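Residue-level structural notes
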Amino acid sequence: MTASRAWQRLLPRIEAIRHRLAALESDPSRRNSFVPYGVERDSPYVTVDGERYLMMSGYSYLGLSGDQRVVDGAKAALEQYGTGAHGVRALAGSLPVHEELEAEVARFNGRAAGAVFGSGYAANVGTIAALCGPGDTIVVDKYDHASIVDGCKLSGATINRFRHNDPEHLDLRLRSAPADGLRLVIVDSVYSMDGDIAPLPELRKVCDDHDALLMVDEAHALGVIGATGRGIEEHFGGGDLVDIKLGTLSKAVPSMGGWVAGPAQLIQHLRYHARPFLFSAALAPPQAGAALAALRVLAQEPWRVQFVQQQAARLRGLLNDAGMRTLASETAVIPLVAGSDQAAYDYATACRRHGVIGLPVVSPAVPNTLARLRIAVTARHSAEDIDRAGQAFLAAARECRLLPGG
Ligand SMILES: Cc1ncc(COP(=O)(O)O)c(C=O)c1O
């Protein structure tokens, strides 16, 4: 890289990742980031450097990625509309498939209207910044997703954090919020690194006590919790406990995009004020067609949701019985805590030797003493896959001395 003085100022910052990778991914067997996986369309197995592994860290919770009906949905939209949407939604980019998808999002979530963004990230950033501004207060759970945090920063509102899943602390935070201005509380339904669930009824009560709106990110909940995969409200017995629901089309729904569902006036406001909606191209037709088809499959096949829940519970049970820590996970996301960043990489490498991929999540995404493998169970995993994964995780944990008495 050029030695100019201008570049010299930048160098220390961009060198940091090189040093970090040199320590963590010191040889090819330890490589965990940016690995190009050879995906098999109909199975949870992947190929890396000619070797076949059982993937246990993918997001396609319902096993619908590669499902023929979803592929056909993408193909039909591709054939009908082509590869791109020709512009932003407010101008030339709106297609019938976008409107059908938004109607399906609203119906699936039991809300009056829906809006679809280019990604879940864009949905969070755009929605939060379109609703809040200077003088308003946003209170977020300490473990909320980065896209929520970035949306809060962009909004210019005052940002407060409360302790993870602690309604009493939220109450304290809201007590000290200024009397005027909007109050918005934002939580994840299912925390993506821990797999635990927000205590929605208690959070709702605190919000009501303080005239605060409650927004919930269902990225890891749609298709995963609740008897039919409707997410956190269904998990807690139904009813409209959430003011603004938001999620992604890139996990249980195996496409790209983000969504918001809520009252019609709210969605109308977002269509004209959410900057990623207004200033970024509309979802590509095949992506919208795939998402629409997947939501319809999900509505027709709730057994997938129940199957994932059972498989995840079985894997967690198997691991916990042998003394493996899985924090407070109660969903398809199962953290296998290793400790330091290095320990998580050692554990991932050992799992790979046993034929299974569990990807490490390290600081700053998680506290630096709680680095872990982040496991995600999907409907693509058979009972045999779960047994095989469980045995591999335990054998590797023994080798890495992660089990009690180890
Ligand atoms: C909780 C949560 N919200 C939002 C997102 C962003 O979704 P997308 O990948 O569609 O941008 C993610 C992605 O991992 C997530 O975990």
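Residues numbered from 1 in each chain as written. Predicted model: local features only at pLDDT ≥ 70, side-chain atom pairs only at ≥ 80, totals over all residues. Heavy atoms only, no water.

Structural notes on the pattern of salt bridges
Per the counting criterion, the structure on display carries 25 salt bridges. A salt bridge links Arg296 to Glu104; the shortest N-O distance between them is 3.7 Å. Taken as a pair, Arg296 in helix α12 (residues 285–300) and Glu104 in helix α4 (residues 96–109) lie far apart in primary sequence, 192 residues in all. On the basis of relative accessibility, which here comes to 7%, the residue Glu104 falls in the buried class. Notably, a salt bridge pairs Arg304 with Glu301, separated by 2.8 Å at the nearest N-O pair. Look at the salt bridges and you will find they share partners, linking Arg111, Glu218, Glu233, Asp240 and Lys245 into a network. (Salt bridge = Lys/Arg side-chain N within 4 Å of Asp/Glu carboxyl O. Helix = DSSP H or I, 4+ residues; strand = E, 2+ residues; numbered from the N terminus. Buried < 20%, exposed > 50% of the residue type's maximum accessible area, 1.4 Å probe, protein only.)

Overview of the site of the ligand
Lining the immediate environment of the ligand, one finds 16 residues, of which Gly120, Asp217, His220, Thr248 and Lys251 sit closest. One of the backbone N or O atoms of Tyr121 is found 2.9 Å from an oxygen atom in the ligand. Considering each element in turn, the shell around the ligand owes the most residues, 3 residues, to helix α5 (residues 120–131). Grouping the constituent residues of the shell around the ligand by class yields 3 nonpolar, 10 polar and 3 charged. (Near = heavy atom within 4 Å. Polar contact = N/O pair within 3.5 Å; in protein donor to acceptor, adjacent residues only side chain to side chain. Nonpolar A, V, L, I, M, F, W, Y, C, P; charged D, E, K, R; others polar.)

Some remarks on the packing of aromatic side chains
We describe a pair of aromatic rings using the distance from one ring centre to the other and the angle between the two ring planes. Summed over the entire model, instances satisfying the criterion amount to 1 aromatic pair. Measuring from ring centre to ring centre gives 5.4 Å for Phe117 and Phe277, while their planes differ by 65°; the resulting arrangement is edge-to-face. With Phe117 in strand β4 (residues 113–117) and Phe277 in helix α11 (residues 275–278), the pair connects residues that are 160 residues apart, well separated along the chain. Accessibility classification places Phe117 together with Phe277 in one group, the buried group. (Phe/Tyr/Trp six-rings, centres within 6.5 Å; stacked < 30°, edge-to-face > 60°.)

Some details on empty space enclosed by the protein
Taken as a whole and judged by the stated rule, the model has 1 cavity of 30 Å³ or more. Its volume calculated, the largest cavity comes out at about 70 Å³. As for the largest cavity, its lining consists of Arg89, His98, Val116, Phe117, Gly118, Pro276, Phe277, Ser280, Ala281, Ala282 and Leu283. Listed by contribution, the elements that provide at least two residues to the lining of the largest cavity are β4 and α11. When the residues that make up the lining of the largest cavity are grouped by side-chain class, the tally is 7 nonpolar, 3 polar and 1 charged. (1 Å grid on protein atoms, 1.4 Å probe; cavity = no way out; pocket = protein on both sides within 12 Å on 5 of 7 lines; lining within 4 Å. Points joined across faces, edges and corners; volume = space filled by probe spheres on them.)

Structural notes on the UniProt feature "domain: Aminotransferase class I/classII large" (unreviewed entry) in the protein chain
This chain's UniProt record puts "domain: Aminotransferase class I/classII large" (unreviewed entry) on residues 59–392. Secondary structure across residues 59–392 comprises 45% helix and 16% strand; the distance between its end C-alpha atoms is 20 Å. (UniProt positions renumbered as here; feature names shortened; annotations may be inferred.)

Remarks on the domain arrangement of the protein chain
What the domain assignment lists for the protein chain is domain 1 (24–55 + 302–399) and domain 2 (68–300). One C-alpha centre belongs to domain 1, the other to domain 2; they are set 27 Å apart. Domain 1 puts 20 residues into the contact, and the matching count from domain 2 is 24 residues. Overall, the association of domain 1 and domain 2 removes approximately 1,600 Å² of surface from exposure, summing both partners, and the carbon and sulfur fraction of that is 54%. Note that Asp194 is salt-bridged to Arg372, the shortest N-O span being 2.9 Å. (Domains from an automatic or database assignment. Contact = heavy atoms within 4.5 Å. Buried area = accessible area lost by both parts, 1.4 Å probe.)

Topic: the side chain of Thr248
By the element assignment, Thr248 lies in strand β9 (residues 244–248). A polar atom in the side chain of Thr248 sits 2.7 Å from the side chain of Ser250. Once residues within four sequence positions are removed from consideration, Thr248 is found in contact with Gly120, Ala219, Gly257, Gly258 and Trp259.

Things to note about the packing of α4 against α12
Between α4 and α12, the least distance of the axes is 9 Å, while the angle of their chain directions is 30°. Relative to α12, α4 is oriented roughly parallel. The hand of the α4/α12 crossing is left-handed. Listed contacts from α12 to Val97, His98, Glu100, Leu101, Glu104, Val105 and Phe108 of α4 are Ala288, Gly289, Ala291, Leu292, Leu295, Arg296, Leu298 and Ala299. Partitioned by chemical class, the residues of the contact of α4 with α12 number 10 nonpolar, 2 polar and 3 charged. (Axes fitted to C-alpha atoms, helices over the stretch in contact; angles between N-to-C directions. Parallel < 35°, antiparallel > 145°, perpendicular 65-115°, else oblique. Left-handed = near helix turned anticlockwise from the far one by under 90°.)

Structural notes on the environment of Ala146
Mapped onto the fold, Ala146 is located in helix α6 (residues 146–155). Ala146 sits 144 residues away from Ala290 along the chain, and the two C-alpha atoms are 26 Å apart.

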